[in-house]
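Chains, contacts and geometry: an overview
Here are the chains, one letter per residue:
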Amino acid sequence: QVQLVESGGGVVQAGGSLKLSCAYSGTTVAAATMAWYRQAPGKQREFVAHVTSGGTTDYGDSVVDRFTISRHNGKNTMWLEINSVKPEHGTVYYCAPTGPSRYANIWGQGHQVTVSS
């Protein structure tokens, strides 16, 4: 059974940095490509970035270079670091194992990030 638990972030001041964590477990995700998504109210869930078990990364078109995704296979943990945070980064972030075409259908509970100005 896959378990995904997001944490970190919370309330952060604009211009600051935040680091989200995703602890994942389950035999099917240990070697999976893992990804971060985000969803703003009234909008579709959006791909942010993914990292393969080998460390290869890919970022969504709307993500600029202030986002960094990483993972530690031995700890079954993935992170998303955002620097120079902007108000539009405040939304719910989800982690998920992902496949071709950035498709995902197993989700964590989501983690709210709020950016204060």
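You'll find the structure just up there.
So, here's what we can say about the structure. Remember, it's a predicted structure, so these values are computed and weren't measured experimentally. (Residues numbered from 1 in each chain as written. Predicted model: local features only at pLDDT ≥ 70, side-chain atom pairs only at ≥ 80, totals over all residues. Heavy atoms only, no water.)

Here we look at the packing of aromatic side chains
Basically, it comes down to this: Under the pairing criterion, centres of Phe, Tyr and Trp rings, with the six-membered ring standing for Trp, must be within 6.5 Å; the plane angle then separates stacked pairs below 30 degrees from edge-to-face pairs above 60, leaving the rest tilted. Put simply, DSSP H or I for four residues or longer makes a helix, DSSP E for two residues or longer makes a strand, and each gets a number counted from the N terminus. Exposure is judged per residue with a 1.4 Å probe applied to protein chains only, and the accessible area is read against the type maximum: over 50% gives exposed, under 20% gives buried, and values in between give partly exposed.
Taken as a whole and assessed by the stated rule, the structure comprises three aromatic pairs. Taken together, a centroid distance of 4.9 Å and an interplanar angle of 80 degrees make the contact between Tyr-37 and Trp-107 edge-to-face. One end of the pair, Tyr-37, is in strand 4 (residues 33–39); the other, Trp-107, is in the loop between strand 9 (92–98) and strand 10 (111–116), with 70 residues separating them in the sequence. Judged by centre distance (6.1 Å) and plane angle (75 degrees), the rings of Tyr-94 and Trp-107 are edge-to-face. In this pair, Tyr-94 is assigned in strand 9 and Trp-107 in the loop between strand 9 and strand 10, connecting sequence segments 13 residues apart. Take Trp-107: its relative accessible area is 32%, and that puts it in the partly exposed class.

Concerning the pairing of strand 3 (residues 18–25)
Condition: Here, a strand pair is defined by DSSP locating no fewer than two bridges between the strands.
Of the strand pairs in this sheet, strand 1 (residues 3–8) and strand 3 are connected by six bridges, and their pairing is antiparallel. Bridge pairing in strand 3 links Leu-4 to Tyr-24. Examined bridge by bridge, strand 3 and strand 8 (residues 77–82) share six bridges and lie antiparallel to one another. Its bridge partner lying in strand 8, Leu-18 is registered against Ile-82.

Details of the nonpolar core
Here is a general trend for soluble globular proteins: nonpolar side chains tend to be buried in one another's company. Test applied: To define a nonpolar core, start from buried Ala, Val, Leu, Ile, Met, Phe, Trp, Tyr and Cys residues and group those joined through side-chain atoms within 4.5 Å.
If you look at the biggest cluster of nonpolar residues, it comprises 25 residues, and the most contacted ones within it are Cys-22, Trp-36, Met-78, Leu-80 and Tyr-93. Put simply, the parts of the chain that give this core at least two residues each are strand 3, strand 4, strand 5 (46–51), strand 7 (67–72), strand 8, strand 9 and strand 10. The greatest single-element share of this core, amounting to four residues, is contributed by strand 3. Listed in part, the five residues of the second largest apolar core include Ala-35, Tyr-37, Phe-47 and Ala-96.

Focus on the pattern of salt bridges
Operational definition: The term salt bridge refers to a pairing of a side-chain nitrogen on Lys or Arg with a carboxyl oxygen on Asp or Glu at a separation within 4 Å.
Applying the stated criterion across every chain, the model contains three salt bridges. In this structure, Glu-46 engages Arg-38 in a salt bridge whose closest nitrogen and oxygen atoms are separated by 2.8 Å.

Section: the sheet that holds strand 3
Quick note on the threshold: Simply put, an axis is a line fit to the C-alpha atoms, just over the touching stretch for a helix, and the angle between two N-to-C directions goes from 0 to 180 degrees.
In space, the four strands of this open sheet follow the order 1-3-8-7, with antiparallel pairing throughout. Lying at the two open borders of the sheet, with one neighbouring strand each, are strand 1 and strand 7. Ignoring which end each strand starts from, the neighbouring axes of this sheet average 15 degrees apart.

Brief notes about unusual backbone geometry
Here Ser-101, not a glycine, exhibits a phi torsion of approximately 60 degrees, which is positive. Following the sequence through the fold, Ser-101 ends up in the loop between strand 9 and strand 10. Unusually for a residue other than glycine, Arg-102 sits at a positive phi of about 65 degrees. Structurally, Arg-102 can be placed in the loop between strand 9 and strand 10.

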